[in-house]
Amino acid sequence: MNKELALYALDVARSLGASYADARLIKTVSETVETRDLYVVYAADNESIGLGIRVLVRGGWGFATARHLTKLGVVAAVTKAVEAAKASSRLLNGRVKLAKEAAHQEIWQSPFSIDPFKISTNDKVSLLLECEKLMRKTRGVKQTSGILTFTREKKLFVSTDGSDITQTFLTSGCGIDAQAGVDEHFVRSWPNSFGGQYESAGWEMVQRWDLLGNAQRVAEESVMVSKARQCPEMVTDVILGASQLALQIHESTGHPTELDRVFGEEENYAGASFLTPDNLGKLKYGSKIVNLTANATVPNALGTFAYDDDGVPGQRVELVKNGLFVGYLTSRETAHELGLDRSGGMMRATGPGFTPLVRMTNVSLEPGDAGSLQDLIADTKRGILLDTNYSWSIDDRRHNFQFGTEIGWLIKNGKIVEPVRNPSYWGITTNFWNSCDAICGPSEHVYWGIPTCAKGQPCQAIGTGHGAAPARFKNTKVGVAKPAEDKPKGGAHSKPHSGHHHAKVARHNRHCAGGSK
Amino acid sequence: MITEAKCKKIIDLAIAHAGDRVTDMQVTVFEQEQATSRFANNEMTQHVDTCVTTVTITVNARGRTAFFATDSTSTKAIKRAVDKAIETAGVLPHDATTLRVLKPSNLTEDATPKFSRFDPRIAALGPEDRLKRVKSIVEVARRGRFSAAGIFATYLNSYAIGNSAGLFRFDQQTNVECSITMLSASSSGWQKGYGCNLDAVDPVALAEGAASRARKSRNPVYVRPGDYTVILEPSAVLDLICFLYDDFTGTEHWYETSSFCKKIGKNVLGKNITITDDANHELQTGFLFDDEGMNRKTVTIVEDGKLKTPVKSRRSVKYLGGSPTGHGAAPSSAEGEFPMNIVVAGGDSSLEEMIASTQRGILLTRVWYVRDVDPNTKLLTGMTRDGTFLIENGKVTRGIKNLRFNQSVIDMLKNVVEIGQPVLAAGEETFPAVVPPMKIENFRFSSRTKA
């Protein structure tokens, strides 16, 4: 990492009139292995290095990337950023001001035990193929797939405030799935859908999630759900499995508490938020047992870091306390705008080619006192357990949501009695969180990783973490996404992530250039 | 901007470095220069100027395929990428179905564009030029007492493919994009434009269109969810029909995961629906060769409601028969294809005529966060957004609060009663395509929301 080049960028920015500048020099290496139906459909390595320069000139922002990592390349990039900032400064309602932050100097490494880049590609492929072979032993399984992905990112952040921070992030992801059905296809995934679980950890997380040990169960459940009846339409008590609850938190708590969104900066694409500042400290967001936090300091969670891309240390911030809406996700700019003394440290960019935005860290529901999932099921007279996300949608103010899951389990008198296919549930955010009457305890609490949270224009995908234990929500509308009555029996899930996914996304991006989301 | 000569040099270097260690090899170079001026609350919030070059090496070493991508074009980085790809391929299991790369002799048609998709005026735009356009949008907002948010963005894309059989393709194109939301205290309106030519996007006209929708939808009222006649503007049509694209691919038919599996030759949509994939269409964007270097052919996928054929890659034709259509992914063991240039045939109704012929219905400007909830029936859910109106007695009477829909897109395309003229529409769920506005019966809304 050429720190001199990054520091040189700051010098050039100062000389061109920047009142503030930061430079992020980022080197990334990644490896992905993906198998489908006993073939390796994607074995890819990727490496990149880039320098992104952000400047504040006359109160306006400008940002550019260096095309070449040379002094000439840096001068060209900083010049572009300054020109952009000067143009921005001529269309402002007021100059951008940043909440104060001390200068920080630190070298930090995300914790891990086993370096996944030291595990051979052969071993990785073998693990996935073994899982596939095991899943395919179950009669009725039609398709199988698996994925392992690993990324090491080394990021240098320097700023004209005097910060000099080097962070190295190691991220690992793993997942398998099986599809069953004759004319319709039903998937079960492990540990999560759409590529599995992602953590800020090493190969040890692949071992811990025990793909091989879960392969047979996953296969059997895919066949089970393919033979199950359609989830009935009803109003009942819903228990959300922890990974589904993680996405519920992401969409209905994380996004609406992003303060740049609240201030209207995402209106054109990702939307705004119902959590306007007049609600702060007043709105009864959830029931009294609902406590939601954003915590960037959790070891091994996907949204963990030491410093954000404003140079602010990662922190734990309360968003909802005993059901009351009390806090936002902030940056130095938005914190100042709201009148806060300091940013909560949530400003991040997807690599050196993007300017940072307010992003979730690890936005989590704190554990409750309802014991284990089995205890919660035993305590439920009539309801449904919904597990593993399949479908998700929420309006542009984050009120009206609808989710679907891979499987549902009907509960009667404290016992699971029957699986159902194609389950879905619907609600209005505050009504839903106010109906939460039980949250499982710490033993069930898991930090789930969502690797592709999309926001911004141009669209940035970034990893976020969400701690959750299964929780119960009273009187929730279920089965809203049933197929039309004059159609064949509804199926779900014929196409989760496939072997084509990477190629299609790449082509999509290349073709449409500005296409977002 | 990267040149054709530079791309050729990178590709030749990689192929030479691999030598006889590989059976086949393909190298792609893709560069995108992107400049985005982003605004909200009638002020500039971001102003970015970026450039990324990605070199992707694909090696086939005796039936073992591996990829390596790097954003460095240095000799050292390219050689390292080749070495690493060969090393990875070496430990993979053998795949007897691996395809050889495309030979130049297989190219029988000229892929030279009939018109240029490169506009030097877009390439020459700087931050002051973008500011000028954003200011013109904000002026429209201020005049109407709205708050404007959106982007004005430009793209310069260069794409080269070369392989060890001697094939080399290169093209460059520009794109311009402008998306605008106008907000009042109780309403919003949205418009988005996209094209390869600077004249394709008129920021002031888009701003006025968004402002008009925000103005007309002030003080929206609730309507009861249920089945409605709807009129979808082209962007809304696009963001729904794109969920059928996967079902139009040969690989999904081969795997029997397409919703239209085993229905080739059968009526699958309404008789007034014809869908082609046509990279040469004058309104379309994108390169004219696929990721194997093959020319993109015009394919009639659905004709008068009948499924004719999916698009096919060189691999899927081995299982489905027929000829590859030039929609393939980079050569590897099991990758597929994709329709990148969808064109939905138009009809003879104008939007005004559709409204005039509607006794009671809903006009949708934009749909949002659309997701597939049942791929077998293509049941989709999503929300309306930024300009949803009630139509009564042939007139748009007022704005309504947003609604959630749960609607099969297949059923939707069986219930189209009027079609307008197609335009290059841009949405948020997919890349732009040429689609018309549509009037549809029995579109199902399942719930409403506060906003």
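Residues numbered from 1 in each chain as written. Chains lettered and ligands numbered in written order. Predicted model: local features only at pLDDT ≥ 70, side-chain atom pairs only at ≥ 80, totals over all residues. Heavy atoms only, no water.

Our next topic: the domain arrangement of chain A. When the parts of a complex come together, some accessible area is lost, and that lost area is often used as the size of the interface. All names here are of chain A. Each assigned domain of chain A is listed with its residue range as follows: domain 1 (3-227) and domain 2 (229-482). Taking only C-alpha atoms, the centre of domain 1 and the centre of domain 2 are 21 Å apart. In total, about 3900 Å² of surface goes out of reach between domain 1 and domain 2, with carbon and sulfur atoms giving 55% of it. Connecting domain 1 to domain 2 are 7 salt bridges. Between R188 and E406 there is a salt bridge whose closest N-O contact spans 2.9 Å. (Domains from an automatic or database assignment. Buried area = accessible area lost by both parts, 1.4 Å probe. Salt bridge = Lys/Arg side-chain N within 4 Å of Asp/Glu carboxyl O.)

On to the nonpolar core, then. Residues L148, V206 and L211 of chain A together with M25, V29, I57 and V59 of chain B are the most contacted members of the largest nonpolar core, which totals 56 residues. Not counting residues within four places of it along the chain, the set of residues in contact with I57 of chain B comprises A14, M25, Q26, V27, A66, F67, F68, A81, V82 and A85 of chain B. Counting 51 residues, the second largest nonpolar core, distinct from the first, contains L232, F243, L269 and L413 of chain B. (Core = buried A, V, L, I, M, F, W, Y, C linked by side-chain atoms within 4.5 Å. Buried < 20%, exposed > 50% of the residue type's maximum accessible area, 1.4 Å probe, protein only. Contact = heavy atoms within 4.5 Å.)

Before going further, it helps to examine the packing of helix α4 (residues 127-143) of chain B against helix α5 (residues 203-216) of chain B. All names here are of chain B. Taken N-terminus to C-terminus, the directions of α4 and α5 make an angle of 30°; their axes are 9 Å apart at the nearest point. Comparing the axis directions of α4 and α5 gives the class roughly parallel. The handedness of the crossing between α4 and α5 is right-handed. Mapping the contact onto sequence places R133, S136, I137, V140 and R143 in α4 and P203, V204, A207, E208 and A211 in α5. For the contact of α4 with α5, a count of residues per class yields 6 nonpolar, 1 polar and 3 charged. (Axes fitted to C-alpha atoms, helices over the stretch in contact; angles between N-to-C directions. Helix = DSSP H or I, 4+ residues; strand = E, 2+ residues; numbered from the N terminus. Parallel < 35°, antiparallel > 145°, perpendicular 65-115°, else oblique. Left-handed = near helix turned anticlockwise from the far one by under 90°. Nonpolar A, V, L, I, M, F, W, Y, C, P; charged D, E, K, R; others polar.)

This brings us to the pairing of strand β20 (residues 424-428) of chain A. All names here are of chain A. Counted residue by residue, β20 has 4 buried out of 5 residues, so it is predominantly covered. Relative to β20, strand β18 (residues 400-412) is paired through 5 bridges, and the arrangement is antiparallel. What sits directly across from F401, in β20, is G427. Relative to strand β24 (residues 471-478), β20 runs antiparallel, the two sharing 2 bridges. Bridging across to β24, W426 finds its partner in K477. (Pairing = 2+ DSSP bridges.)

Here the focus is the interface of chain A and chain B. Across the boundary between the two partners, chain A contributes 95 residues, which contact 115 residues of chain B. Seen at the junction of chain A and chain B, the total is 8 salt bridges. In this structure, R90 of chain A engages E128 of chain B in a salt bridge whose closest nitrogen and oxygen atoms are separated by 2.7 Å. At the boundary of chain A and chain B, one finds 43 residue pairs in polar contact (both at pLDDT 80 or more). By residue number, the principal contributor to the side of chain A that touches chain B is strand β2 (residues 39-57) of chain A, which donates 11 residues. For the side of chain A that touches chain B, the class distribution of residues is 35 nonpolar, 35 polar and 25 charged. (Polar contact = N/O pair within 3.5 Å; in protein donor to acceptor, adjacent residues only side chain to side chain.)

It is worth spelling out the pattern of salt bridges at this point. A full pass over the atoms with the stated rule returns 57 salt bridges over all chains. E87 of chain B serves as the salt-bridge partner of K84 of chain B, at 3.9 Å between the closest nitrogen and oxygen. Of this pair, K84 of chain B and E87 of chain B both sit in helix α2 (residues 75-90), 3 residues apart, roughly one helical turn. Look at K84 of chain B and you get partly exposed, because its relative accessible area is 22%. A salt bridge links E429 of chain B to R371 of chain B; the shortest N-O distance between them is 3.3 Å. Highlighted residues: E429 of chain B in the loop between β17 (423-425) and β18 (433-435) and R371 of chain B in strand β12 (residues 360-374), separated in sequence by 58 residues. Both residues of the pair, E429 of chain B and R371 of chain B, count as buried. Within the structure, one salt-bridge network assembled from shared partners comprises E267, D396 and R397 of chain A together with E177, K192, R366, R385, D386 and E428 of chain B.

For any pair of aromatic rings, the description consists of the separation of the ring centres together with the inter-plane angle of the planes. Under the criterion given, the structure shown has 33 aromatic pairs over all chains. Taking the centre distance of 6.2 Å and the plane angle of 80° together, the rings of F432 of chain A and W433 of chain A count as edge-to-face. Of the two residues, F432 of chain A and W433 of chain A, both sit in the buried class. Relative to F338 of chain B, the ring of Y245 of chain B has its centre 6.1 Å away and its plane inclined at 70°; by these criteria the two rings are edge-to-face. (Phe/Tyr/Trp six-rings, centres within 6.5 Å; stacked < 30°, edge-to-face > 60°.)

Summarising the element assignment, E204 of chain A is placed in helix α4 (residues 203-209). With near-sequence residues (within four places) excluded, E204 of chain A lies in contact with F112, S113 and I114 of chain A.

In this section: the sheet that holds strand β16 (residues 363-365) of chain A. All names here are of chain A. Taken in spatial order, the 4 strands make up an open sheet running β13-β12-β11-β16, and their pairing is antiparallel. Of all strands in the sheet, those with a lone pairing partner are β13 (324-325) and β16, marking the two edges. Summarising the sheet, strand β11 (residues 292-295) and β16 pair through 3 bridges and their orientation is antiparallel. Of the residues in β16, the one forming a bridge with A294 is V363. Along the sheet, helix α6 (residues 242-254) contacts β11, β12 (316-321) and β16; its crossing angle with β16, the most-contacted strand, is approximately 120°.

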